[in-house]
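Descriptive analysis of the structure
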Amino acid sequence: MTRSLIVALGADHGGITLKNRLAAAMAEAGHQLLDFGTDGPASVDYPDFAHAVCGAVAAGQADLGILVCGTGIGMSIAANRNPAIRCALVHDVTTARLTRAHNDANVLALGARIIGEEVALDILQTFLSTPYEGGRHDRRLAKLNPSTEPAA
């Protein structure tokens, strides 16, 4: 993890343990964290945490966001409801690298019940350190929000 980032972080009860491990790794690497919870094992609703994290990213309060739930699916669906968010559900380092390089993903979703801690830490490091390539990908990203698409 190279430059220091501000990272918004959120999880539901299914992702709390992994969220805390990722937070520790990011803090150790010198990143500033905005932790939107949850903070315990009591059942909570994942959209609340996805919306909080994505709101911070969309408002420019955080450079990137990390969301963790049991599978990552619910979090990614909730996150992508925000037009300023490009959330990717990732299960390996290759897709973590490509989603940043090609899709300029600004939020990462992980499934705590799907991947192990070491894989999650490798994904996190890759996601935080991979730059967006731009170029040919810019045109494609512009088409994700047609109201902002440049004229042909």
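Calculation notes
Residues numbered from 1 in each chain as written. Predicted model: local features only at pLDDT ≥ 70, side-chain atom pairs only at ≥ 80, totals over all residues. Heavy atoms only, no water. Helix = DSSP H or I, 4+ residues; strand = E, 2+ residues; numbered from the N terminus. Contact = heavy atoms within 4.5 Å. Pairing = 2+ DSSP bridges. Right-handed = clockwise from strand over helix to strand, strands pointing away. Polar contact = N/O pair within 3.5 Å; in protein donor to acceptor, adjacent residues only side chain to side chain.

This next bit is on the environment of Met75. Inspection of the secondary structure assignment puts Met75 in helix α3 (residues 73-79). Between the alpha carbons of Met75 and Ala88 there is a distance of 9.8 Å; along the sequence they are 13 residues apart. Not counting residues up to four positions away in its chain, the partners in contact with Met75 are Gly10, Ala11, Asp12, Tyr46, Phe49, Ala50, Leu67, Val68 and Cys69.

Okay, the pairing of strand β2 (residues 32-35) next. Inspection of the sheet shows strand β1 (residues 6-11) paired to β2 by four bridges, in the parallel sense. Within β2, the position partnered with Ala8 by the bridge is Leu34. Once the chain exits β1 it traverses helix α1 (residues 16-28) before rejoining the sheet at β2, and the crossover so formed is right-handed.

Turning next to the side chain of His137. For His137, the location among the structural elements is in helix α6 (residues 136-142). Among the polar contacts made by the side chain of His137, one reaches the side chain of Glu133 at a distance of 3.4 Å.

Don't take any of this as a statement about function, it's just geometry.
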